[in-house]
Amino acid sequence: MNDKAFEGLEDLEIENLGIDTLAIRAGISRTHEGEHAEPIFTTSSYVFTSAREAAARFAGDEPGNVYSRYTNPTVRLFQERIAALEGGEAAVATSSGMAAILSTCMALLESGDHVVCSKSVFGTTTVLFTKYMRKFGVRVDFVELTDSEQWKSAVKADTKMLFVESPSNPLCAVADIEALSKLAQSVGALFVVDNCFCTPALQLPLRLGADIVIHSATKYLDGQGRCLGGAVVGKRELMDEVLAFVRSCGPTMSPFNAWVIAKGLETLRLRMEAHSRNAQNLSEWLQQHPKVEHVYYAGLRDHVGHSLAERQQRAFGGVLSFKVKGGKEEAWRLIDATKLMSLTANLGDAKTTIVHPATTTHGRLSDDEKATAGITDNLIRIAVGLEDVADLKADLERGFKAV
Ligand SMILES: *Cc1c(COP(=O)(O)O)cnc(C)c1O
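Worth saying up front: this structure is predicted, and the values here are computed from it rather than measured.

This part is about the overall build of the protein chain. Helix and strand counts for the protein chain stand at 15 helices and 12 strands. Taking 22 Å as the expected radius of gyration for a compact globule of 403 residues, we find that the protein chain reaches 22 Å, a close match to that expectation. Counting only C-alpha atoms, the protein chain reaches 75 × 50 × 35 Å along its principal axes. Counting all 403 residues of the protein chain, 53% fall into the buried class.

According to the stated counting rule, one finds six aromatic pairs in the structure shown. Between Phe129 and Phe163, the ring centres sit 5.5 Å apart and the planes meet at 75°, which makes this aromatic pair edge-to-face. Pair noted here: Phe129 is in helix H5 (residues 123–135) and Phe163 is in strand E4 (residues 159–165), with a separation of 34 residues, a long-range link. Here Phe129 falls in the buried class, since its relative accessible area comes to 0%.

This paragraph deals with the site of the ligand. Taken together, Ser96, Gly97, Met98, Phe122, Glu165, Asp194, Cys196, Phe197, Ser216, Thr218, Lys219 and Gly229 make up the full set of residues adjacent to the ligand. Here Ser216 contributes a side-chain N or O atom positioned 2.9 Å from an oxygen atom of the ligand. Notes on the ligand: free accessible area 380 Å², of which the protein chains cover 92%. For the shell around the ligand, the residue count by class is four nonpolar, five polar and three charged.

With that settled, consider the sheet that holds strand E8 (residues 292–296). An order of E8-E9-E12-E11-E10 is seen for the five strands of this open sheet, with the pairing classed as mixed. Pairing within the sheet leaves two strands with one partner each, and these edge strands are E8 and strand E10 (342–343). With two bridges connecting them, E10 and strand E11 (residues 353–355) associate as parallel partners. Directly across from Leu343, in E11, lies its bridge partner Ile354.

Attention now goes to the nonpolar core. Across soluble globular proteins, nonpolar side chains show a tendency to be buried alongside one another. One finds Phe78, Ile82, Leu221 and Leu268 to be the most contacted residues of the largest nonpolar core, which totals 39 residues. Sorting the residues of this core by element identifies helix H1 (19–25), helix H3 (73–86), strand E1 (90–94), helix H8 (199–202), strand E7 (230–234), helix H10 (255–265) and helix H11 (268–287) as the ones contributing at least two each. Residue contributions to this core reach at least three from each of two domains, namely domain 1 (3–265) and domain 2 (269–401). Excluding its chain neighbours within four sequence positions, the residues that come into contact with Leu268 are Leu85, Thr199, Pro200, Ala201, Tyr220 and Leu221.

The buried fraction of strand E9 (residues 319–324) is high, at six of six residues. Judged by which residues are buried, E9 turns out to be covered on both faces: Val319, Ser321 and Lys323 on one side and Leu320, Phe322 and Val324 on the other are all buried. Bridging between E8 and E9 involves four bridges; their strand directions are antiparallel. Bridge pairing links His294 to Lys323 in E9. In terms of strand pairing, E9 meets strand E12 (residues 379–383) through five bridges, oriented antiparallel. By the bridge assignment for E12, Lys323 is matched with Leu379.

Conventions adopted
Residues numbered from 1 in each chain as written. Predicted model: local features only at pLDDT ≥ 70, side-chain atom pairs only at ≥ 80, totals over all residues. Heavy atoms only, no water. Helix = DSSP H or I, 4+ residues; strand = E, 2+ residues; numbered from the N terminus. Rg over C-alpha atoms; globule rule 2.2 N^0.38 Å. Buried < 20%, exposed > 50% of the residue type's maximum accessible area, 1.4 Å probe, protein only. Phe/Tyr/Trp six-rings, centres within 6.5 Å; stacked < 30°, edge-to-face > 60°. Near = heavy atom within 4 Å. Polar contact = N/O pair within 3.5 Å; in protein donor to acceptor, adjacent residues only side chain to side chain. Areas by Shrake-Rupley, 256 points an atom, 1.4 Å probe, with all protein chains shown as cover. Nonpolar A, V, L, I, M, F, W, Y, C, P; charged D, E, K, R; others polar. Pairing = 2+ DSSP bridges. Core = buried A, V, L, I, M, F, W, Y, C linked by side-chain atoms within 4.5 Å. Domains from an automatic or database assignment. Contact = heavy atoms within 4.5 Å.

See below:
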């Protein structure tokens, strides 16, 4: 259609558009109703104009919708938008972040393959690799995120995948994405980066050489804690394999969730800048607080990952952690005395959240594992939201008074 009312971005060179424009415009294809905002297609299936067309669509010989387990216009909108933002050829949406990681592994690994994964990944990701991937014969080794010697000795000629998250949760350790992609390339392995903490507003792993970006869209992509979702982004031939898994096995994103998250992307950059600003301000304030032992935030000059983060990220993100002077009792008293911050393990929300990693998100680790990971009993994680930072400080001060 040439009518201006129906145009998407087809006539514009997508590579020439800025990230703010793509976040708002990418993926739009209007229906004959001429709606301005993106519609939600709540339909399980689609009708064909002829038996010949039905056969061609089923065979994949012609593009078009077939069945919403793997083709839905609202889900496609989200996929095209996140692919454009990450600078990837294509994306596949999934029902959650874990479904994105599972779909990537099931589509691209097979029995006997070797994976090297960072020790500092989302706890459930570790379970997926150790309990389920190993059950199907995938060999997995875990290494320190920032220890390049460990990576070099763990990666072998038959390694098929390297998997990292950066910055890490909760201590904000920073991986050298460019160096790890070169290492992966040297053995022909896929390099997968979970970009949940930075989002494409702050970090573009594909540009730094990664093959695949994973998202828990549940976090910053939605940004308001409303629904679950996931995404995998990368080269079209890889994404065709991931989509084939989703088509056959069913971890599909719902059209409603796709709509919520696609609309969330419109404000992603503004939100990530505000999260980062608030987190920087709060971490500098915490750093000079007499009841604080140490603050972990890559935006602080004394953080070991500061200069690397400055090089590969646009800002430092919304998650920080700190050690209160004392132990578990002090940490729990502080958390319980805050009134504004939500006590929940979720992150990537406009609402600030506070959590005690040692007994929640990292509670599954043994004492030894906690010690090597730096998850001490006095550590508190804050996923800084978009409230007034003065109110967040006042809330933490309530907590410090109770210590
Ligand atoms: C939450 C999270 C996941 C899992 O995503 P879900 O949407 O909860 O399944 C994966 N990776 C990271 C870094 C996360 O924070």
